[in-house]
Amino acid sequence: MGFARACSVALVGVDGVVVEVQADLEPGVAAFTLVGLPDKTLVESRDRVRAAVVNSGAAWPQKKVTVGLSPASVPKSGAGFDLAVAAAVLGAAEVVDPGAIADLVLIGELGLDGRVRPVRGILPAVLAAAEAGYRQVVVPQQCASEAALVPDVSVLGVRSLRQLIAVLTGGEVPEEEHLGPPGRPDPMLAGLVLPGAGLGTGITPGRGDSADVPDLADVAGQHGARRALEVAAAGGHHLFLSGPPGAGKTMLAERLPWILPPLGRRESVEVTAVHSVAGILPPGEPLVSRPPYCAPHHSATMQSLVGGGNGVPRPGAVSLAHRGVLFLDEAAEFHGRALDALRQPLESGHVVIARAAGVVRLPARFLMVLAANPCPCGRHTLQGQGCECPASVIRRYQARLSGPLLDRVDLRVAVEPVTRSDLLRQGGRGESTAVVADRVREARERAAFRLADTPWLLNSEVPGQELRTRWPVDPGALGQAERDLERGMLSARGLDRVLRVAWTVADLRGRDRPEAPDVAAALELRTGIARGAALETGAAA
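Bear in mind the structure is a predicted one, so any value in this text is a computation, not a measurement.

**Q** Would you take a moment to explain the overall build of the protein for this structure?
**A** Along its length, the protein carries 22 helices and 16 strands. The buried share among the 541 residues of the protein stands at 51%. Looking at the protein alone, contacts between residues at least 24 apart form 73% of all its contacts between residues at least 6 apart. Carbon and sulfur atoms make up 52% of the accessible area of the protein, which amounts to about 23300 Å² in all.

Pasting the structure below:
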């Protein structure tokens, strides 16, 4: 009787569980049994592994082969266990040293010819292995750069099972040639990106040269909306743009990710892990360095927004927009249940999905931008444009965005129609993306210095109680806000959010703490009621 074990990783959402792959050989009729709660894809690995071992030049043991995946209570899916199953069987057959693979984590799919195909979720799988104390992993060569992002882990990239056997036995490692005509992409990369997964759901800026960067100066007019966009980027505040069609709401939202600072190392790893699991991480780009931008269509279901699907839940748009921007164009056309499902991630920064297959916690700390027309025809706020929508239809249309959802939006801006002088640039072009991005970076640096010894990174993340007690504003600065609270124009949550926006405005103006004009500007951005405070973010007033 022969026995050997190797290790692999089962992914549950973006979290991983190290799985011990045990192989046992017993005398009897040749058979291959796989146990341990595998799904259909994993059950089929029996045929893939047998063919891969034989075509790699190794003899398949003519005995009763039993492979167990432990812990057996954890659901296991995908083809990423093939490499570990093959190594465990070869160890039990003493083709390779069982001791050499006992603490080795192997992740990869096997082709019938023995080639190792890349799989999705390499980064979170290696992170889980590192947290469990494993320091050696074997992955497909195409994913080696992604696995190498995890520190203190030795990564071996292989292109075939033959190469792995040679490394484990100390033989000469064979060269695996690129298959297919020269100049064509490697066909082995086909499994990394799901077909259509990145269309409209996960669009990551930062891919391409600087000439492809949308410039904020291309937006004609909209000075108030541009300043609100800057405040949103500096403090991580959610934004609601309301205005007629063609006013530039979508143009503004598409330029928001480019004025956000690049992601830090920890944030990049978080985003890359989500995108790797979702299948939208392009080959050759192991680390996402720019904030992602996700713009789902208004017909998106609740599951596609917050996550879900058959079996183990998969990341939705809110997780694909983690540390980036989630843009909901035509927000009033979204299903009400789908929009209300955003309340939890807007507050907590993560989403918890409970299904029969298990409970999954997915990261979802994003900057939300809503854009909507004032009425179904879009001409309600335009004078002399002939809006024929009845008042009841307008009220019902605007009520599709519920009060609790809008209460979580810090900035509400009415986008006015573009005038002829603005369109013809008679007043000159506005500031470029680079200029605004510099101010946003400086404001975030001021906030980061103030929040250095806290668990928060942005003003929008700081609890209101902390802001009121730990970082007081200028004496008398909250007078208008307190009166609005007494009149019922602001909720308690609304007052906290006004205070957070006021700190962001003060950071943009270079002030040490918010003054009365900063709070007035924050109130105007939240309520839409003019307070006589000009929101000039470029310099101190």
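Now, onward.
**Q** What am I meant to see in the layout of surface pockets here?
**A** Empty space among the atoms can be located by rolling a probe the size of a water molecule over them. Reported here for the largest pocket is a volume of approximately 810 Å³. Taken together, 35 residues line the largest pocket, and the ones lying closest to its centre are R323, R365, L458, S460 and E461. Contributing elements (two or more residues each) for the lining of the largest pocket: α10 (265-278), α14 (343-348), α18 (433-450) and α21 (492-509). For the lining of the largest pocket, the leading source of residues is α18, giving 4 residues. Among the residues making up the lining of the largest pocket, the classes are represented as 18 nonpolar, 5 polar and 12 charged.

**Q** Would you explain the pairing of strand β1 (residues 2-12) in this entry?
**A** Side-chain direction in a regular strand flips from residue to residue, so the side chains alternate between the two faces of the sheet. Here 11 bridges tie β1 to strand β2 (residues 15-26), and the two strands are oriented antiparallel to one another. Across the sheet, the residue bridging to R5 is Q22, located in β2. Between β1 and β2, which pair antiparallel one after the other, the connecting turn spans 2 residues, and G13 there sits at a positive phi close to 75°.

**Q** In this structure, what is going on with the sheet that holds strand β15 (residues 367-372)? I would like to understand it.
**A** Hydrogen bonds between backbone groups are what pair the strands of a sheet, and the pairing can be parallel or antiparallel. Pairing is parallel in the open sheet, where 5 strands are placed in the order β11-β12-β15-β10-β16. Whereas interior strands pair on both sides, the edge strands pair on one side only; in this sheet they are β11 (293-294) and β16 (411-414).

**Q** What is the right way to read the nonpolar core from this model?
**A** As a rule of thumb, soluble globular proteins bury nonpolar side chains together. Judged by nonpolar contacts, the single largest core of 52 residues is most densely connected at L239, L256, V369 and V519. Take this core: its biggest share by element is 8 residues, from α21. Other than its neighbours up to four places away in sequence, V369 contacts L239, L241, A253, L256, V325, L326, F327 and L328. Ranked by size, the runner-up nonpolar core spans 41 residues in total, among them A4, V19, V74 and F81.

**Q** Would you take a moment to explain unusual backbone geometry for this structure?
**A** Omega for the peptide link from S70 to P71 comes to 5°, which places this bond in the cis form. Checked against the element boundaries, P71 lands in the loop between β4 (64-70) and α3 (82-92). Here the phi dihedral of L37 falls at roughly 60°; this positive angle occurs in a residue that is not glycine. Structurally, L37 is set in the loop between β3 (31-35) and α1 (40-43). Although it is not a glycine, E330 sits at a positive phi angle of roughly 50°.

**Q** Explain the packing of aromatic side chains here, please?
**A** For any pair of aromatic rings, the description consists of the separation of the ring centres together with the inter-plane angle of the planes. A full pass over the atoms with the stated rule returns 2 aromatic pairs. Centroid distance F32 to W60: 5.4 Å. Interplanar angle 45°. Geometry classified as tilted. Separated by 28 residues along the polypeptide, F32 in strand β3 and W60 in the loop between α2 (45-55) and β4 bring together distant segments of the chain. Given a relative accessible area of 8%, F32 falls into the buried group. When the centroid spacing of 6.4 Å and the interplanar angle of 25° are considered together, the rings of Y293 and F327 count as stacked. Within this pair, whereas Y293 is found in strand β11, its partner F327 is found in strand β12 (residues 325-328), the two being separated by 34 residues in sequence. A relative accessible area of 8% places Y293 in the buried class. Here F327 falls in the buried class, since its relative accessible area comes to 2%.

**Q** Where do I start with the packing of helix α8 (residues 223-235) against helix α9 (residues 249-259) in this structure?
**A** When two helices pack together, their arrangement is given by the angle between the helix axes and the distance between those axes. For the pair α8 and α9, interaxial distance at closest approach is 10 Å and the crossing angle is 40°. In terms of axis orientation, α8 runs oblique to α9. Remark: the crossing between α8 and α9 carries right-handed chirality. Here A225, R226, L229, E230 and A233 of α8 lie close against α9, whose contacting residues are L252, L256 and I259. The class makeup of the residues in the contact of α8 with α9 is 6 nonpolar, no polar and 2 charged.

**Q** Please explain the state of the cysteines as it appears in this structure.
**A** Two cysteines form a disulfide when their sulfur atoms are joined by a covalent bond. Evaluation of the coordinates by the stated rule reveals 0 disulfides. There is no disulfide at C387, and the cysteine sulfur nearest it, in C377, is 3.6 Å away.

**Q** Help me out: how do you make sense of the side chain of H237 in this one?
**A** Assignment of secondary structure puts H237 in the loop between α8 and β10 (239-242). Residue class for H237 comes out buried when judged on its relative accessible area of 0%. Here D410 takes part through its side chain, which lies 3.0 Å from a polar atom of the side chain of H237. There is a polar contact of 2.6 Å between the side chain of H237 and the side chain of T504. Ignoring sequence-local partners within four residues, the contact set of H237 consists of V231, A232, L367, D410, L411, N459, S460, R500, V501 and T504.

**Q** Mind showing me how you'd approach the environment of A437 here?
**A** The topology assignment puts A437 in helix α18. Taking relative accessible area as the criterion, A437 reaches 18% and is therefore assigned buried. Residues A437 and L256, spaced 181 residues apart in sequence, show a C-alpha to C-alpha distance of 9.5 Å. Aside from chain neighbours lying at most four places away, what touches A437 is W258 and I259.

**Q** Explain the pattern of salt bridges here, please?
**A** Working definition: two side chains of opposite charge can pair if their charged atoms are close together. Applying the stated criterion across every chain, the model contains 28 salt bridges. A salt bridge links E347 to R497, with the nearest nitrogen and oxygen atoms 3.0 Å apart. A residue pair is termed long-range when its members are at least 10 positions apart, and E347 in helix α14 and R497 in helix α21 qualify at 150 residues. Take R497: its relative accessible area is 5%, and that puts it in the buried class. Sharing partners across several salt bridges, the network here consists of E347, D407, R408, D410, R493, R497 and R526.

Here is what the cut-offs are and how they apply
- Note that residues are indexed from 1 along each chain, following the sequence as it is written.
- Note on the predicted model: pLDDT of at least 70 is required for a residue's local features to be given, and 80 or more for side-chain atom pairs to be given and counted; whole-chain, interface and lining totals, by contrast, use all residues.
- Excluding hydrogens and water, the side-chain values take into account all heavy atoms of the structure.
- Counting from the N terminus, the helices are DSSP H or I runs at least four residues long and the strands are E runs at least two residues long.
- Partly exposed residues are those whose accessible area sits between 20% and 50% of the maximum for their type, while under 20% is buried and over 50% is exposed, using a 1.4 Å probe and protein chains only.
- Working rule for contacts: check all heavy atoms of both residues, and any pair within 4.5 Å makes them a contact.
- Here the Shrake-Rupley method, with its probe set to 1.4 Å, supplies the accessible areas, and only the displayed protein chains count as covering residues.
- A cavity here means a set of 1 Å grid points, computed over protein atoms only, where a 1.4 Å probe fits but cannot escape. A pocket is an open set with protein on both sides within 12 Å along at least 5 of 7 lines, and lining residues have an atom within 4 Å of a point.
- Grid points are joined across faces, edges and corners, and a volume is the space filled by probe spheres set on the points.
- Three classes are used: nonpolar for Ala, Val, Leu, Ile, Met, Phe, Trp, Tyr, Cys and Pro, charged for Asp, Glu, Lys and Arg, and polar for all others, with Gly counted as polar.
- When DSSP locates at least two bridges between a pair of strands, those strands are taken to pair.
- Nonpolar cores are built from buried Ala, Val, Leu, Ile, Met, Phe, Trp, Tyr and Cys residues. Side-chain atoms within 4.5 Å join them into one set.
- For this analysis, a ring pair means two rings from Phe, Tyr or Trp (six-membered ring only for Trp) whose centres lie within 6.5 Å, classed as stacked if their planes differ by under 30 degrees, edge-to-face if by over 60, and tilted for the remaining angles.
- To get an axis, fit a line to the C-alpha atoms, keeping to the stretch in contact for a helix; angles then go from 0 to 180 degrees between the N-to-C directions.
- Angle categories: roughly parallel below 35 degrees, roughly antiparallel above 145, roughly perpendicular from 65 to 115, and oblique for all the rest.
- Here a crossing is taken to be left-handed if its near helix is turned anticlockwise relative to the far helix by less than a right angle, and right-handed if that turn runs clockwise.
- Here, two cysteine sulfur atoms that lie within 2.5 Å of each other are counted as a disulfide.
- Any pair of nitrogen or oxygen atoms within 3.5 Å is treated as a polar contact; in protein, a donor-acceptor pairing is required on top of that, and neighbouring residues in sequence qualify only through side-chain atoms on both sides.
- A carboxyl oxygen of Asp or Glu within 4 Å of a side-chain nitrogen of Lys or Arg is what we treat as a salt bridge.

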